[in-house]
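Here is what each chain is made of, one letter per residue.
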Amino acid sequence: MAALTPPVCDFGWPAPTFSLRATDGNTHSLQDVSGQNGTLIMFICNHCPYVLAILDRMIRDASDLQAMGIGVAAICSNDPIAYPADSFDNMARMAEARGFPFPYLHDADQSVARAYDAVCTPDFFGFNAAGGLQYRGQLDASHMQPAPPGAKRDLYEAMKQVAETGQGPRDQIPSMGCSIKWAA
């Protein structure tokens with residue numbers, strides 16, 4: 001399995017809007033999930049070993065960022081026909097079992113992943129309060145294995161900086177993961 005990495009951050013790029021069904025039974029828009037100090041949109045899925053390796057730390061960091069006024073949402077855009085583990089029902093099971101503190105959204109027609117130019121799972125998009133992209137990097141040094149204890153919390157530190165200053169760090173290490181599973 002070849003790992004993909006997203007392009008470098010395009011600072012100031014505006015967050016594309018969306019309105020997607022979530023595993024909590026509601027429909028959420030970008031406006032609904034945006035926080036007063038910024039917004040983090042995470043493209044993830046249920047089956048990717050890169051996502052599974054960071055899931056606990058991703059949930060921890062999302063909760064910590066929400067406490068700072070950063071809105072957080074996760075989006076699954078994978079083709080559920082070819083990858084049944086990423087079906088809406090399985091998304092709902094994972095969100096409940098893992099206690100996601102953020103909405104887990106289903107991009108059924110993959111239009112949101114295309115609008116964001118999402119490349120892999122995980123792919124993180126950190127926006128400031130004005131909706132301009134400030135971070136498109138990794139959660140931490142994890143890949144298919146969790147990072148060692150005490151590893152730098154790249155995403156958390158970057159989004160904390162965004163919340164405090166409106167600007168993300170200029171040096172960012174891209175995320176790495178499995179490709180978005182596009183429908184045929």
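Keep in mind the model is a prediction, meaning the values are calculated, not measured.

Cut-offs used in this document
Residues numbered from 1 in each chain as written. Predicted model: local features only at pLDDT ≥ 70, side-chain atom pairs only at ≥ 80, totals over all residues. Heavy atoms only, no water. Core = buried A, V, L, I, M, F, W, Y, C linked by side-chain atoms within 4.5 Å. Buried < 20%, exposed > 50% of the residue type's maximum accessible area, 1.4 Å probe, protein only. Helix = DSSP H or I, 4+ residues; strand = E, 2+ residues; numbered from the N terminus. Contact = heavy atoms within 4.5 Å. Lys, Arg positive; Asp, Glu negative; His and termini not counted. Salt bridge = Lys/Arg side-chain N within 4 Å of Asp/Glu carboxyl O. Polar contact = N/O pair within 3.5 Å; in protein donor to acceptor, adjacent residues only side chain to side chain. Expected span 1.5 Å × (residues − 1). 1 Å grid on protein atoms, 1.4 Å probe; cavity = no way out; pocket = protein on both sides within 12 Å on 5 of 7 lines; lining within 4 Å. Points joined across faces, edges and corners; volume = space filled by probe spheres on them. Nonpolar A, V, L, I, M, F, W, Y, C, P; charged D, E, K, R; others polar. Phe/Tyr/Trp six-rings, centres within 6.5 Å; stacked < 30°, edge-to-face > 60°. Lys NZ or Arg CZ within 6 Å of the ring centre and 35° of its normal. Pairing = 2+ DSSP bridges. Axes fitted to C-alpha atoms, helices over the stretch in contact; angles between N-to-C directions.

### Points about the nonpolar core
Core analysis: the biggest nonpolar cluster contains 32 residues, and Met 42, Met 58, Phe 100 and Phe 102 have the highest contact counts within it. Secondary-structure elements contributing two or more residues to this core are strand E3 (38–43), helix H2 (49–66), strand E4 (70–76), helix H3 (88–98) and helix H5 (154–165). For this core, the element with the highest residue contribution is H2, accounting for 8 residues. With residues near it in sequence (within four places) discarded, Met 42 still touches Met 58, Val 72, Ala 73, Ala 74, Ile 75, Phe 102, Asp 123 and Phe 124. Within the second largest apolar cluster, 20 residues are counted, among which are Leu 30, Ile 75, Phe 125 and Leu 133.

### Details of the side chain of Asp 86
Within the secondary structure, Asp 86 sits in the loop between E4 and H3. Lys 181 provides the closest opposite charge to the buried, salt-bridge-free Asp 86, at an N-O distance of 7.8 Å. Within the local environment of Asp 86, its side chain forms a polar contact with the backbone nitrogen of Asn 46, the two atoms lying 2.8 Å apart. Polar side-chain contacts of Asp 86 include one of 2.8 Å to the side chain of His 47. The contact partners of Asp 86, leaving out residues within four places of it in the chain, are Cys 45, Asn 46, His 47, Cys 76, Asn 78, Pro 80 and Met 91.

### Things to note about H5
When the terminal C-alpha atoms of H5 are compared, their 16 Å separation across 12 residues agrees well with the 16 Å that a helix rising 1.5 Å per residue should span. Restricting attention to buried positions, one finds in H5 the residues Asp 154, Leu 155, Tyr 156, Ala 158, Met 159 and Val 162. The secondary structure elements touched by the buried residues of H5 are E3, H2, E4, strand E7 (123–127) and strand E8 (133–135). Taken from the residues just after H5, Gly 166 is the one with a positive phi, measuring 80°.

### What about empty space enclosed by the protein?
Applying the stated criterion across every chain, the model contains 1 cavity of 30 Å³ or more. If you add up the space inside the largest cavity, you get close to 80 Å³. Forming the walls of the largest cavity are Tyr 50, Ile 54, Pro 122, Phe 124, Gln 138, Leu 139, Asp 140, Ser 142, His 143, Pro 174, Ser 175 and Met 176. A per-class count over the lining of the largest cavity returns 7 nonpolar, 4 polar and 1 charged.

### Overview of the packing of aromatic side chains
Inspection of every chain in the model, using the stated rule, returns 10 aromatic pairs. Members of the aromatic cluster, each reached through a chain of ring pairs, are Trp 13, Phe 18, Phe 43, Tyr 116, Phe 125 and Phe 127. Over the aromatic face of Phe 88 sits the side chain of Arg 21, whose NZ or CZ is 3.6 Å from the ring centroid.

### Some words on the pattern of salt bridges
Where charged atoms from two side chains of opposite charge approach closely, those side chains can pair. By the definition in use, this model includes 6 salt bridges. A salt bridge links Asp 140 to Arg 57, with the nearest nitrogen and oxygen atoms 2.7 Å apart. With Asp 140 in the loop between E8 and H5 and Arg 57 in helix H2, this pair connects stretches of sequence that are 83 residues apart. A relative accessible area of 4% places Asp 140 in the buried class. Residue Arg 57 is classed as buried on the basis of its relative accessible area, which comes to 17%. Look at the salt bridges and you will find they share partners, linking Arg 60, Asp 61, Asp 64 and Arg 153 into a network.

### As for the sheet that holds E4
Pairing is mixed across the open sheet formed by 7 strands, whose spatial order is E2-E1-E5-E4-E3-E7-E8. A single partner strand is all that each edge strand has here, and the edge strands are strand E2 (27–29) and E8. In this sheet, adjacent strand axes meet at a mean angle of 40° when their direction is disregarded. Against the sheet, H5 makes contact with E3, E4, E7 and E8, and its axis sits at roughly 140° relative to E8, the strand it touches most.

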